[in-house]
Amino acid sequence: MPDSPTPDSPTPDSPTPDSPTPDPTTPAPNARPPDPPDAATPDAPTPDAPTPGAPTPDALAYELTINGRSHAVPSAWLGESLLYVLRERLGMPGSKNACDQGECGSCSILFDGDLVCACCVMAADAVDADVRTVEGLAPSVGRGDVAPGAGRESDADGEVSDVQQAFLDEGAVQCGFCIPGMIVAVHDLLDHDPAADELRVREALSGNLCRCTGYGRILQAVATVQDRRAGVRP
Amino acid sequence: VSADAVASTTTVPAKVRDLGRGVGRSVDRPDGTPKVTGDFAFSSDLHHDRMLWGRTLRSPHPHARIRSIDTSAAAAMPGVVCVLTADDVPGAKNYGLEHADQPVFAADVVRFHGEAVAAVAAEHPEQALRAIRAIEVDYEVLEPLTDPELAIDADPIHPDGNLFRHLPLRHGDPEATGEVVVEGTYDVGMQDQAFLGPESGLAIPSEDGGVELLISTQWLHVDHGQVAACLGLPPEKVRLTLAGVGGAFGAREDVSLQVHACLLALTTGRPVKIQYSREESFHGHVHRHPARMWFRHHATRDGDLVKVEARLLFDGGAYTSTSPAVLANGVCFAAGPYRVPNAVIEGWAVRTNNPPCGAMRGFGVVQVCFGHEAQMDALAAELGMDPVELRLRNALAPGDRLLTGQVLTGTAPVREVIEACVAHALPPDASADEPMALPGGAGLTAQHGDVRRGTGIAVSIKNLMYAEGFDDDSTAGVRLELGTDGRPTATVHCAAAEVGQGFVTLAQQIVRSELHVDRVVLRPADTGIGSAGSTSASRQTWMSGGAVQLASRAVRQVLLERAAAREGEPVAGARRVRFDLRGDEVVDIDSGVAVPVAELLADGPVEEVGEHHHAPTSPLDEDGQGDAHVSFAFAAHRAVVDVDPDLGLVKVVHIATGQDVGKALNPRAVTGQIEGGIAQGVGLAVMEEIVVDHGRIRNPSFTDYLIPTVLDMPTVAATLIEQPEPGAPYGAKGVGEPPTISSTPAVVAAIRDATGLPLSRVPVRPQDIALAPRARGDTSAPRARGDALAPAPGAEGAP
C-alpha cells in the first residue's frame, strides 16, 4: 500500500454514506425558487423548523392544487419535498424518485407552467402553485388495477395522451421508471416548440435519464408525435 | 437506429394486432399503458397504511473492527419503533449467491465502505434517517486492502481468505509462438448498473408468523432461499412477489434490503418499506469488476492467430457474490470470437476492501473484450493489415473450437455480423453549423477546426445462460379456460422477473402462437410456482420462454385429446397425428370435423406446467477445458467519434452494429435491447466509473457518476442477423448482453484512431487525452507498460 489511507476522514459532515438530508433549520435549495411564501400565501405554514432530531410530521396543514384539483395535506413535516408529498401523502406515485437531487428528471412536473424536478421543490412552497403531474395527462385512466410487477392484458387500454400513445407505438418503454417524467418533459417541449429538430429535442430531454433504451425509441416516439400533430402521419 | 438501417425490422405496422400478436411480431408490452400513465406499481410505489420506514446504517470505513454498538439513543427517539444489529439476526448470519460470506449486518468487522451495520424502523423516513445517525458505533479503523495485486499475499481480511477463484486455462501447445507478437496491459474501471429505480421493497408480516415480501429483484427464488435462511423460518413461511422493477442489469441478483426489511417487519409486527436513496443504492449493490489484464497475441506473418496468452486479475471487493463465475467468463472468452489454436490463460478473482463486485450486463466478458480487441488492433497495425480484414480472417465459424476445447455446434455468424456492421453508411462529417453536436455538447467548448474524427471496430462473443455444469431450469404454468364472457382465456404463471426487458410481452406472444388464443393474462411472478431462474445471462427468452412453450404445448395436447375422445379416436395414429389445433378449432384431419376450443373448454379448464432445461454442460477441468457453455451470441460494433484532443472531449457520433440474434421474436424489443445495451457500452467507454479512493466511493450520485444522456448517445444503425439456433425455442438467442460488450472497445478504438494515443484504460477520461504525451500520427494500439501482471522471465504464479 504505497499511499497512506485516511481512515479518520469519512465523507465530510456525514457519519454514514447516506444522503445528507437538509437541516430542517435551513431552507432546501429549490430548482425553481417559487414566490416568497409570505407574499403569495398569507396562510402559509410558518418557517419554524421542528426540533432537530425530532421531526414532527403533524406540524403543518396546507392545501396543494394538483392537476387542477385541490388536495388537503392535513399533517406534514415542513422538510418534505413536493415529490414526497405527491407520492406518500397524496397517493400520486406517478412521479418517480431516482436520484433525489434533480439530476435524473424522473420526477419532472410542471410548476406554474415550468418544468421542474419535484424532488427539488419543498411541498410547502407549492401552496397556491398550479402543479401538473403525469397523472394529469390522461384524465380517464383508472388507478390500481395493475398487479405489482405483472403485466396485464392490454386490450383494456385506458385513455392516453398522444405522447403516451407514441411511446407505446414506438416501443419506447422498457422498465418504464423514467417514462412518466420523460413524457411530462416531452409534452412541455412540444407545447413550446412543436417543430423542434432532433438536436433541440435531445437538448430538451437531456435532463431526463433513461438507462434501458439508449433513447433511440424515445426519439422516434417524439418524431411520431410531431408527425401526427402535423397531420403527416396517422 | 437510423430509419433506413433497420426499416425492415423496426417499422411497426399501425395495426399490429390485425396481423397477429404471436412470436416474431413487434407486439406491444402488456405493461406499457400503466408505465406511460404512471399507474404501474414499482416497488418504491408500494404503500401500506400502517407501514414503517426502514433505513440501514452503513459503515463509513472500508475496513474497521467494531468495538461496540450503542443503539439506546436511537431507540429512544420519537417515532423509532425498532433498531436491529447483527445480534438480532435469528437465522444464518451470512448470505451470498454462490457462497454465503456476506453478513446480514456486520458483527465484528466491516469490510467495505457502505457495509450494513444496523437498521431501524420508524414512522417517518426522516425519523429513520435521524435514528441511524444516532446509533453510536465505536470503530477501530484498520488499514484497508485496496490493491488487488496485493490481495493474494496479504493477510486474509475474511475467514475464507482473499482468493475467490484461480482459474488456469491451457489449450493446444502452450509453447507455440508466432512470428508477430503484440503485448499490452489494459484496465477497466468499476462500472455501476445505475438502474433508474433504486432498491426498494415492502415486507408485510403474516398471521402465521411468516412474512410476505414485495420486492424488485432478478431472481425471486434465490432471494427466497437466502431470506428464509437468515430469518430462521421454514421456506413456506416466506413468500416473495415481484414488485415493479425499475431496471436491473445485474445489480439485483444479490440480496440488498430483503433480509433487513423482513426482519424489521417481523420484529415490529408492522409492514416495513425500505427505499434506498441513490447514494445508498451505489453502496447497496455490487458493481462491474474492475480488471487489470495482460495479453500477448502471437500470429503468423499472414495474420493467422497462433496463440493468445493472458493474465487476468478481477477485483471482487469484499464479498464473493458471483466473482467465480464472472472470472470464468473472462478466462473462457479471453481471446474473443476468433480461432485460436493455442492459449495459456490464467485468471484470479480476489477479495479486497473495495466495494463488492458481481453481475453486470456482459458478466466478465466486457472486461476481456476491451483487452482482446485492443490487441487485435495492435496486431493489425503490426502486420500492416486492415483491422476488419484481420478479424474476418480469424473469425470463428461453426465447427471451430473455443479456448475451452468446446466445438461450436450451434450457429456462429461471426463473419456475417462483421460484414453487416461495416456495410452501414458512415455518418457525415461534423458540421461547423451545429456547435452543440461537437465534443462538449451544450457547453459549446470545442472549436470545429480542432475536432478530429476517428473510426474503430470491435467484435465480441458472449455465452448465453449459465455454465460449468449448472443444471439450469425454468418453470411456467399455463391455464386455458373460458373467461366470464365465454372466450378462451389463457393465464401464465411464471416466476421470471420482468425487469424491463420484455419477457411479459414474449410470454404472451408464445402462448398466442402455441394456443391461438388472443387473450393472455399474466399472473404476478411469485414464489408460489417453481423457480424461473435469474433474469440474467441473456437466458429468460430461452429458458422461461422455453418453459412457457412447453406448458402451452402440453395444454394443446390436452385439447387434442379432448377432441379425440369425443370422436372416440386416438390423437395420433401409427403414422401421423390425426388431430390438430387450427385457428380456434381442433380439427380431425381425417373426418374434417372441427370442434371449437371454446367448446372443448366447457369440460373444464386445462392447466399444465412446463419445466425447461437446456442441454447439459460440463465443468471446466484443471486446464480450463470442457464443454462448459450452452450457446453463444456474437456482435460487431463500429464506432465513429469526434475528439477535441486539446480539451480531451469526445463525442460519440455513430454506432453501427451487426448482431447475431438467432431469431428476433419481437424485433422492436430486440432493437430496444441493442440501443440500450450500446448506451451502457458507450458509458463505460467515455464516462462511467465509480471512483474508489482508498476503498471509499467518491461519486455515489447521478451528479458525479455520469450515465449517457440523450445528448451523449450516438445514432445507432443495427442489422439483425437471423440464423435460428438449434435447440433454442423458436431459434432465438438472448440479445441483451452483446450490445454492451463490443461497443466499448469500438469507441475506444475510434478515439485511438482520432488521437494516436494508446488509451489502455476505460473509461477514457478527458485527462487521458488532453494530458497524454502526444503521439500524433502513431495509430498503433496500446503497448506493454512493464506491468506487474506480465510474467517475469521464467516466473509463473500469482500476479
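Remember, it's a predicted structure, so these values are computed and weren't measured experimentally.

Calculation notes
- Each chain carries its own residue numbering, running from 1 in the direction its sequence is written.
- Just so you know, chain letters begin at A and ligand numbers begin at 1, following the order they were written in.
- With the structure being a predicted model, the display of local features is reserved for residues of pLDDT at least 70 and the display and counting of side-chain atom pairs for 80 or more, all residues being used for whole-chain, interface and lining totals.
- As a convention, hydrogens and water are excluded, and side-chain values are obtained from all of the structure's heavy atoms.
- What counts as a helix is a DSSP run of H or I of at least four residues, what counts as a strand is a run of E of at least two, and both are numbered from the N terminus.
- Each residue is assigned to one of three classes by its accessible area relative to the maximum for its type, calculated with a 1.4 Å probe on protein chains only: buried under 20%, partly exposed between the two thresholds, exposed over 50%.
- Areas reported as accessible are Shrake-Rupley estimates using a 1.4 Å probe. Residue values count occlusion only from the protein chains shown.
- Based on C-alpha atoms, the radius of gyration is set beside the globule rule, defined as 2.2 Å times the residue count to the power 0.38.
- Note on contacts: a residue pair qualifies if any of its non-hydrogen atoms lie within 4.5 Å across the two residues.
- DSSP bridges decide pairing: two strands pair if at least two such bridges lie between them.
- Each axis is a line fitted through C-alpha atoms, and for a helix only the stretch in contact is used; angles between axes span 0 to 180 degrees, taken between their N-to-C directions.
- Handedness of each helix crossing follows the sense of rotation of the near helix against the far helix: counterclockwise by less than a right angle gives left-handed, clockwise gives right-handed.
- Only Asp, Glu, Lys and Arg are considered charged, only Ala, Val, Leu, Ile, Met, Phe, Trp, Tyr, Cys and Pro nonpolar, and every remaining residue, Gly among them, polar.
- The definition of a nonpolar core used throughout is a set of buried Ala, Val, Leu, Ile, Met, Phe, Trp, Tyr and Cys residues joined through side-chain atoms within 4.5 Å.
- Summary of the metric used: pLDDT quantifies the predictor's per-residue confidence within the range 0 to 100.
- A helix is expected to span 1.5 Å multiplied by its residue count minus one.
- One side-chain nitrogen of Lys or Arg within 4 Å of one carboxyl oxygen of Asp or Glu is enough to make a salt bridge.
- Geometric relationships in this document are graded by angle, where less than 35 degrees denotes roughly parallel, more than 145 denotes roughly antiparallel, 65 to 115 denotes roughly perpendicular, and other angles denote oblique.

J.: Can you break down the overall build of chain A residue by residue, with the values?
T.: Helix and strand counts for chain A stand at six helices and five strands. Across chain A, helices and strands are ordered from the amino to the carboxyl terminus as α-β-β-α-β-β-β-α-α-α-α. Across the 234 residues of chain A, 53% fall into the buried class. On chain A, roughly 9,600 Å² of surface is accessible, and the fraction owed to carbon and sulfur atoms is 51%.

J.: Help me get a handle on the overall build of chain B, residues and values and all.
T.: Helix and strand counts for chain B come out as 18 helices and 31 strands. Whereas a compact globule of 799 residues would reach a radius of gyration of roughly 28 Å, chain B reaches 27 Å, a difference of no more than 12%. Restricting the contact set of chain B to residue pairs at least 6 apart, pairs at least 24 apart contribute 80%. Of the roughly 25,000 Å² that chain B leaves accessible, carbon and sulfur atoms contribute 50%.

J.: Before we move on, can you summarise the pairing of strand E14 (residues 272-275) of chain B with the specific residues and values?
T.: Residue and element names in this part refer to chain B. The two faces of E14 match: Val272 and Ile274 on one face and Lys273 and Gln275 on the other face are all buried. With three bridges joining them, strand E1 (residues 52-58) and E14 adopt parallel strand pairing. Looking across to E14, one finds that Leu52 is bridged to Val272. Pairing analysis gives four bridges linking strand E11 (residues 200-205) to E14, with the strands arranged antiparallel. Residue pairing in the sheet places Gly201 in a bridge with Ile274 of E14.

J.: Explain unusual backbone geometry residue by residue, including any values.
T.: Where the residue is not glycine, phi is negative for most of them; where a peptide bond is considered, it is trans in most cases. Residue and element names in this part refer to chain B. Val762 connects to Pro763 through a cis peptide bond whose omega is -5°. Its place among the elements puts Pro763 in the loop between strand E31 (761-762) and helix H18 (766-770). Although it is not a glycine, Leu444 adopts a positive phi angle of roughly 50°. By the element assignment, Leu444 lies in the loop between helix H12 (414-423) and strand E18 (452-464). One non-glycine residue with positive phi stands out, namely Tyr730, at about 60°.

J.: Can you explain the packing of helix H10 (residues 365-383) of chain B against helix H17 (residues 738-755) of chain B? Please cite residues and give values.
T.: For any two helices packed against each other, one specifies the inter-axial angle together with the distance between the axes. All names here are of chain B. One can describe the packing of H10 onto H17 by two numbers: an axis separation of 8 Å at closest approach and a directional angle of 35°. Note on packing geometry: the crossing formed by H10 with H17 is right-handed. Here H10 contributes Val365, Val366, Cys369, Phe370, Glu373, Ala374 and Asp377 to the contact with H17, which in turn contributes Thr740, Ile741, Ser742, Pro745, Val748, Ala749 and Arg752. Looking at the contact of H10 with H17 residue by residue, the classes come out as nine nonpolar, two polar and three charged.

J.: Lay out the nonpolar core in plain terms, naming residues and giving numbers.
T.: Among the nonpolar cores identified, the biggest contains 150 residues, and Phe167 of chain A together with Leu312, Ile345 and Val747 of chain B are the most heavily contacted of them. With eleven residues, H10 of chain B is the largest single contributor of residues to this core. Sequence-distant contacts of Ile345 of chain B, that is, excluding residues within four places in its chain, are made with Leu167, Pro168, Leu169, Arg170, Val308, Glu309, Ala310, Leu312, Val331, Ala334 and Leu403 of chain B. Listed in part, the 80 residues of the second largest apolar core include Cys230, Leu242, Val511 and Val520 of chain B.

J.: Tell me about the pairing of strand E1 (residues 60-66) of chain A, and please be specific about residues and values.
T.: Residues and elements named next belong to chain A. What you see with E1 is a clean split: Leu60, Tyr62, Leu64 and Ile66 sit on the buried side and Ala61, Glu63 and Thr65 on the side with no burial. The pairing of E1 with strand E2 (residues 69-76) spans six bridges and is classified as antiparallel. Of the residues in E2, the one forming a bridge with Ile66 is Arg69. Hairpin connection of E1 to E2: two residues between the antiparallel strands, including Asn67 at a positive phi of 50°. Note: E1 against strand E5 (residues 130-132), two bridges, orientation parallel. The partner of Thr65 across the bridge, within E5, is Asp130.

J.: I'd like a description of the confidence of the model for chain A, backed by residues and values.
T.: Residue and element names in this part refer to chain A. Chain-level statistics for chain A give a pLDDT mean of 77 and a share of 67% at 70 or above. Overall, residues 1-54 carries pLDDT values under 50, and its contacts beyond four positions in sequence, including any with other chains, amount to 87 contacts. Across residues 140-156, where pLDDT falls below 50, the model places 54 contacts with residues more than four positions away in sequence or in other chains.

J.: Can you lay out H17 of chain B for me, pointing to particular residues and giving the numbers?
T.: All names here are of chain B. Its 18 residues give H17 an end-to-end C-alpha distance of 27 Å, which sits within 8% of 26 Å, the value for a rise of 1.5 Å per residue. With 17 of 18 residues buried, H17 lies mostly within the body of the structure. Downstream of H17 by one or two residues, Gly756 has phi in the positive range, about 75°.

J.: Break down the sheet that holds strand E2 (residues 64-70) of chain B for me, with residues and values.
T.: Residue and element names in this part refer to chain B. Strand order across the open sheet formed by three strands is E6-E2-E8, with antiparallel pairing between neighbours. Taken across any chain shown, the strands that pair with only one partner, and hence form the sheet edges, are strand E6 (109-110) and strand E8 (136-141). By the bridge criterion, six bridges tie E2 to E8 in an arrangement that is antiparallel. Residue pairing across strands places Ile69 opposite Val137, the latter belonging to E8.

J.: Account for helix H13 (residues 503-515) of chain B, with residues named and values stated.
T.: Residues lying three or four places apart along an α-helix face the same way, a consequence of the helix completing one turn every 3.6 residues. All names here are of chain B. Compared with the 18 Å implied by 1.5 Å per residue over 13 residues, the 18 Å span of H13 between its first and last C-alpha is a close match. With twelve of 13 residues buried, H13 is to be regarded as a mostly interior element. Every buried residue of H13 is listed here: Phe503, Val504, Thr505, Leu506, Ala507, Gln508, Gln509, Ile510, Val511, Arg512, Glu514 and Leu515. Tucked inside the fold, the buried residues of H13 contact strand E19 (473-482), strand E20 (488-494), strand E21 (520-522), helix H14 (540-567) and strand E22 (579-582). One or two residues past the end of H13 sits His516, with phi positive at roughly 55°.

J.: So what's going on with the sheet that holds E18 of chain B? Residues and values would help.
T.: Residue and element names in this part refer to chain B. What the four strands build is an open sheet, ordered E18-E26-E27-E30; its pairing is mixed. Because the sheet does not close on itself, it has two edges, and the strands there are E18 and strand E30 (715-721). Averaged over all neighbouring strand pairs, the angle between strand axes comes to 20°, with direction disregarded. As paired strands, strand E26 (residues 631-644) and strand E27 (residues 649-660) are joined by ten bridges and run antiparallel to one another. Bridging from a neighbouring strand, Ala636 pairs with Gly658 of E27. Packed on one face of the sheet, H12 meets E18, E26, E27 and E30 and runs near 25° to E26.

J.: Describe the pattern of salt bridges, naming the residues involved and giving the relevant values.
T.: Here the structure, examined in full by the defined rule, presents 61 salt bridges over all chains. Note that Asp45 of chain B is salt-bridged to Arg87 of chain A, the shortest N-O span being 2.8 Å. A residue pair is termed interchain when its members come from two chains, as with Asp45 of chain B in the loop between helix H2 (32-37) and E1 and Arg87 of chain A in helix H2 (residues 82-89). Accessibility expressed as a relative area gives 12% for Asp45 of chain B, which makes it buried. For Arg87 of chain A, a relative accessible area of 7% gives the class buried. As a salt-bridge pair, Arg170 of chain B and Glu346 of chain B come within 4.0 Å of each other at their nearest N and O atoms. Of this pair, Arg170 of chain B sits in strand E9 (residues 163-171) while Glu346 of chain B sits in strand E17 (residues 342-350); the two residues are 176 residues apart in sequence, bridging distant segments of the chain. On the basis of relative accessibility, which here comes to 29%, the residue Arg170 of chain B falls in the partly exposed class.

J.: Can you tell me about the environment of Asp377 of chain B, naming the residues and giving the values?
T.: Here Asp377 of chain B shows up in helix H10. Each C-alpha atom, one on Asp377 of chain B and one on Val182 of chain B, is 9.8 Å from the other, the two residues being 195 residues apart in sequence.

J.: I'd like a rundown of the packing of helix H6 (residues 220-231) of chain B against helix H7 (residues 258-268) of chain B, residues and numbers included.
T.: All names here are of chain B. Orientation of H6 relative to H7, taken along the N-to-C sense of each, is 45°, at an axis distance of 10 Å. Regarding the angle of H6 to H7, the classification is oblique. For the element pair H6 and H7, the recorded crossing hand is right-handed. Across from Asp223, Val227, Cys230 and Leu231 in H6, the residues of H7 making contact are Gln258, Val259, Cys262, Leu263 and Leu266. The residue makeup of the contact of H6 with H7, split by class, is seven nonpolar, one polar and one charged.

J.: Break down the confidence of the model for chain B for me, with residues and values.
T.: With 94% of its residues at a pLDDT of 70 or more, chain B shows a mean pLDDT of 93. Across residues 794-799 of chain B the pLDDT falls below 50, and counting only partners more than four positions away or on other chains, this stretch makes 14 contacts in the model.

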